[in-house]
Amino acid sequence: MSGRARSAGVVFIHGLASIAALGAVAMATGLPAVFPSLGPTAILLFASPSAPAARAWKVLVGHAIGLLCGYGALLVCGLLESPSALSTGVTAARVAAAALSLAATGGLLVLTGAMHPPAGATTLIVSLGVIRHPADLCVMEGAVALLLVLSWVLNRALPAASGPPREGAEQERAPRGS
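Criteria and thresholds
- Residues numbered from 1 in each chain as written.
- Predicted model: local features only at pLDDT ≥ 70, side-chain atom pairs only at ≥ 80, totals over all residues.
- Heavy atoms only, no water.
- Helix = DSSP H or I, 4+ residues; strand = E, 2+ residues; numbered from the N terminus.
- Contact = heavy atoms within 4.5 Å.
- pLDDT = per-residue confidence, 0-100.
- Buried < 20%, exposed > 50% of the residue type's maximum accessible area, 1.4 Å probe, protein only.

### Overview of the environment of Glu 141
And step 1. Inspection of the secondary structure assignment puts Glu 141 in helix 7 (residues 134–157).
And step 2. Residues Glu 141 and Val 61 lie 80 residues apart in sequence; the distance between their C-alpha atoms is 9.3 Å.
And step 3. With near-sequence residues (within four places) excluded, Glu 141 lies in contact with Leu 60, His 63, Ala 64 and Leu 67.

Structure below.
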């Protein structure tokens, strides 16, 4: 089995196990322990665990910034009690909240050095009203922390790669024509 095929299998197993575990928490508690931006975070943690954006503090701080900026945008735009854009459609206020939350998140990620791109999805989940209650936002950050613990355990039990990726290695390994 090639190194890439082995790594793909390990990433598959780790992604399956971690999201299933978080899904079990969500099912048992009825809380939002699984949400879309956990997907790219999990892939990053399992496929590129030594990438700068996969550092634990960047993951935690990045998602926290996204959650706070999303909630702040809801507050500024008067949407705290409004139904989600998924049920009402996109309005001018939702566009303003989404744009404000993403801009603030991006700026703060750069300013703090906590660059974790999946946080951009987290802020949109909140500013679009998909998940917006403060207690649920705390659950989301807790789910991020649990994903970090799971990645730490799984990556040590069964590593996907033999070592940290070299600078530019992703481009070198990309199939021709892509």
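### Things to note about the confidence of the model for the chain
And step 1. A residue-level look at the chain finds 90% of positions with pLDDT of 70 or above and a mean pLDDT of 92.
And step 2. When the criterion is pLDDT under 50, residues 163–176 qualifies, and its contacts beyond four places in sequence or with other chains add up to nine contacts.

### Thoughts on helix 6 (residues 118–127)
And step 1. Taking burial as the measure, the ten residues of helix 6 include eight buried ones, the bulk of the element.
And step 2. Of all the positions in helix 6, only Pro 118, Ala 119, Gly 120, Thr 122, Thr 123, Ile 125, Val 126 and Ser 127 are classed as buried.
And step 3. Residues of helix 6 that are buried sit in contact with helix 2 (38–47), helix 3 (56–76), helix 5 (92–112) and helix 7.
And step 4. Of the residues one or two after helix 6, Gly 129 is the one with positive phi, at around 80 degrees.

### Observations concerning helix 2
Along an α-helix, residues three or four apart share an orientation, since each turn contains 3.6 residues.
And step 1. Within the sequence span of helix 2, burial applies to Leu 38, Thr 41, Ala 42, Leu 44, Leu 45 and Phe 46.
And step 2. On its buried face, helix 2 sits against helix 1 (3–29), helix 3, helix 6 and helix 7.

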